[in-house]
Amino acid sequence: MKRRKGERLDALKRGHGFGNKIFVEQVWWPLAGHFHGLHPEYEVKDGRGKSYFVDFMWLVGDARIVFEIMDYGSHGTDRTKYRLDLNRELFLQSQDCRVYSIALDELKENPSFILSMLRHILTPYLAAMNGSTGTVERQYDRMERELMRIAIRHNRLIRPKEAARQLELHNLTVIKYCRRLVEKGKFRAVTRGESQRVMYYEYIGTMQSPDLI
């Protein structure tokens, strides 16, 4: 603490907040079972060089995922703080971060709901861990993880045209990545008719498979 000043010092003095502790105990540990890559009170500098701290930053492969625990009372009637919080979220998204805001009241009263939702969202990002070194094995690139995530959110099915429109990519690009996931055993091509034309792909990975946890 002697080496810190300003907001860095304040963050150290505050320590872990009540909501952050609940998130770690009731959601993150049951979900992941480890803390590799998870950084509390992660410092981020905006375009002007000003520092602020997000509740949690999860660095996994080339992905940057932010979890913010939002307390309704912290906003109150302060419109300026409300605006700054939303601006901060937009800035993080502009820096290629995925931002997930979690209501503190929901976290306290129904943590199983938060756990269930994050399990569906984050399954493709929960990479296999090397038991001896604890390092993340990057088995899938960003696009492959994104396609797995889309499939999980759509009842494990993904249609290349719809995914291409959602991701603003060419249809053939999405098909290329879907075929890679077929080769890796994560997708199954579903065909129809004598021509065996592929109609869609099905995600066949399991929530508890060692390559996703």
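Placed above this text is the structure.
Residues numbered from 1 in each chain as written. Predicted model: local features only at pLDDT ≥ 70, side-chain atom pairs only at ≥ 80, totals over all residues. Heavy atoms only, no water.

Engineer: Outline the sheet that holds strand β5 (residues 157-158), supporting the account with residue identities and numerical values.
Structural biologist: Judged by pairing direction, the sheet is antiparallel, and its three strands sit side by side in the order β5-β7-β6 without closing on themselves. On the outer flanks of this sheet lie β5 and β6 (187-192), each paired with one strand and no other. In the sheet, β6 pairs with strand β7 (residues 197-203) via six bridges, with the strands oriented antiparallel. Bridge pairing in β7 links A189 to Y201. (Pairing = 2+ DSSP bridges. Helix = DSSP H or I, 4+ residues; strand = E, 2+ residues; numbered from the N terminus.)

Engineer: Account for helix α6 (residues 111-122), with residues named and values stated.
Structural biologist: Counted at 1.5 Å a residue, the expected span for α6 with its twelve residues is 16 Å, and the 16 Å between its end C-alpha atoms agrees. Buried within α6 are the following residues: P111, I114, L115, L118, I121 and L122. The buried residues of α6 all sit within an arc of 130° when viewed along its axis, so they share a single face. (Expected span 1.5 Å × (residues − 1). Buried < 20%, exposed > 50% of the residue type's maximum accessible area, 1.4 Å probe, protein only. Arc of directions from axis to C-beta.)

Engineer: Describe in detail the packing of helix α7 (residues 142-153) against helix α8 (residues 160-167), supporting the description with residues and values.
Structural biologist: Helices that pack against each other are described as a pair by the angle of their axes relative to one another and the distance between those axes. It is at 11 Å that the axes of α7 and α8 come closest, and there the two elements cross at 115°. In the crossing of α7 with α8, the sense of the turn from one axis to the other is right-handed. For the pair formed by α7 and α8, the contact residues are M143, E146, L147 and I150 on the first element and A163, Q166 and L167 on the second. Looking at the contact of α7 with α8 residue by residue, the classes come out as five nonpolar, one polar and one charged. (Axes fitted to C-alpha atoms, helices over the stretch in contact; angles between N-to-C directions. Left-handed = near helix turned anticlockwise from the far one by under 90°. Contact = heavy atoms within 4.5 Å. Nonpolar A, V, L, I, M, F, W, Y, C, P; charged D, E, K, R; others polar.)

Engineer: Just give me the short version of unusual backbone geometry, but keep the residues and values in it.
Structural biologist: The phi dihedral of D96 falls on the positive side, at around 65°, and the residue is not glycine. Residue D96 is classed as partly exposed on the basis of its relative accessible area of 44%. Residues other than glycine seldom take positive phi values, yet Q196 does so here, at roughly 55°. Its location among the elements puts Q196 in the loop between β6 and β7. Take Q196: its relative accessible area is 49%, and that puts it in the partly exposed class.

Engineer: Go over the pattern of salt bridges with me, naming the residues and quoting the values.
Structural biologist: Counted under the stated rule, the structure contains seven salt bridges. Where D141 meets R180, a salt bridge forms, and the shortest distance between an N and an O atom there is 3.3 Å. With D141 in the loop between α6 and α7 and R180 in helix α9 (residues 171-183), the pair connects residues that are 39 residues apart, well separated along the chain. Accessibility expressed as a relative area gives 28% for D141, which makes it partly exposed. Residue R180 is classed as partly exposed on the basis of its relative accessible area, which comes to 32%. The closest approach of N and O atoms between R149 and E146, which form a salt bridge, is 2.5 Å. Here R149 and its partner E146 are both found in helix α7, three residues apart, which amounts to about one turn of the helix. Pair check on accessibility: R149 and E146 agree, each one buried. Sharing partners across several salt bridges, the network here consists of R98, E146 and R149. (Salt bridge = Lys/Arg side-chain N within 4 Å of Asp/Glu carboxyl O.)

Nothing here speaks to function; it is all geometry.
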